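In case you want the letters, here they are:
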Amino acid sequence: MPHVHRNVTEIEADLSKGQVWTALTGSLGLLIGFRTSQSLNRFWEGTGLLHQMRGEWFDSVSCLLSFSRHAKSTRPEEVVQFRQTLIRLVSLMHGSALDDISGNDEDSYETIDVMGLDARTLCFLRDCKIKYGWNKVCALQHMIQVLITYNLRIGVLEIPPPILSRVYQTLSRGFVNLLNAVKIKDTSFPFPWAQMIMLLLVIHSIFTPLIVTSFTTSYQWALPVTFLPVFGMFALNQVAAQLEMPFGTDDNDLPLTHFQY
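Looking at an unreviewed UniProt entry, the protein chain carries the name Bestrophin homolog, with the source organism given as Durusdinium trenchii.

Attention shifts here to the packing of helix H2 (residues 76–102) against helix H5 (residues 161–186). Here H2 crosses H5 at 20°, and the two axes come no closer than 9 Å. With respect to their mutual orientation, H2 and H5 come out roughly parallel. H5 is crossed by H2, and the crossing has right-handed handedness. Contacts from Met93, Ala97, Asp100 and Ile101 in H2 reach Leu171, Leu178, Ala181, Val182 and Lys185 in H5.

Moving on to the UniProt feature "transmembrane region" (unreviewed entry) in the protein chain. Within the UniProt annotation, "transmembrane region" (unreviewed entry) is assigned to residues 193–212 and 218–236. The straight-line gap between the two end C-alpha atoms of residues 193–212 is 28 Å; of that span, 100% is helix and 0% is strand.

Moving on, we come to unusual backbone geometry. Its identity is not glycine, yet Asp113 carries a phi of approximately 45°, on the positive side. Structurally, Asp113 can be placed in the loop between H2 and helix H3 (119–130).

For Asp118, the position within the fold is in the loop between H2 and H3. Under the relative-accessibility criterion, Asp118 is labelled partly exposed at 44%.

Cut-offs used in this document
Along each chain, residue indices are assigned from 1 in the same order as the chain's sequence is written. With pLDDT at 70 or above as the cut-off, local features in this predicted model cover only qualifying residues; side-chain atom pairs require 80 or more to be listed or tallied, and sums for whole chains, interfaces and linings still use all residues. Hydrogens are left out, water is left out, and the side-chain values use all remaining heavy atoms of the structure. Orientation is described by axes fitted as lines to C-alpha atoms, over the contacting stretch for helices, and by angles from 0 to 180 degrees between their N-to-C directions. Each helix is a run of DSSP H or I of at least 4 residues and each strand a run of E of at least 2, with the numbering of both proceeding from the N terminus. Should an angle fall under 35 degrees it is taken as roughly parallel, and over 145 as roughly antiparallel, whereas 65 to 115 is taken as roughly perpendicular and any remaining angle as oblique. In this scheme the handedness of a crossing depends on how the near helix is turned from the far one: anticlockwise by less than a right angle means left-handed, clockwise means right-handed. Working rule for contacts: check all heavy atoms of both residues, and any pair within 4.5 Å makes them a contact. UniProt positions are given in the numbering used here, feature names are shortened, and annotations may be inferred rather than shown by experiment. Exposed residues in this analysis have more than 50% of their type's maximum accessible area, buried residues have under 20%, and partly exposed residues fall in between, with area computed by a 1.4 Å probe over protein chains only.

Okay, here's the thing in structure tokens:
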């Protein structure tokens, strides 16, 4: 009878350990699943914002080129100068926006013939962030709006102002999409949540071999049965950590260079 009582006690202890391990595994799975879901949403939102930003600014340029077509017969030189300046500024603005998103301090994306701009503009853009502490994209968007307003006054853009106002709206929406993308870059996944998941992962990796050896008689099976759940939890957590920051230069980040072309 004492022998039987001891075996029953050991079985109850093993069951209680297994229940604790099951509860820990389930809680950890829910936490990692929530983090993975939020990270995937951030990843898709990031790529959507990049496409929307490029689409809005491309639509602005396309409309302005169309609006200046009628003046080619009366002001050919002014039209050419307006178009070339516009394309250079927008290309530089888009590249600077990608620099802001990726966190680069230097211009790392190719642009269309930036050296074709005048010397004063180039000097101002060079000193914009370093000397004055201004955001380069904000300065470029303001320069583009001034360029549009000036060419409207001199007759290059022969279009009614209510129709032209759509260009200002698309420029503004593109900038708002940029700010939302920067929001993703600047706002990381909550640190307490990430630390709690890491702590539970460590506890889970310690308890798993103890629980597995309590019900497994073969050590050959104990190794893979212990490795798979621990490795799976760590792998899912690392995948979530990679997805929650979609902008950068890692292999798993969005190809920002592709968006510049």
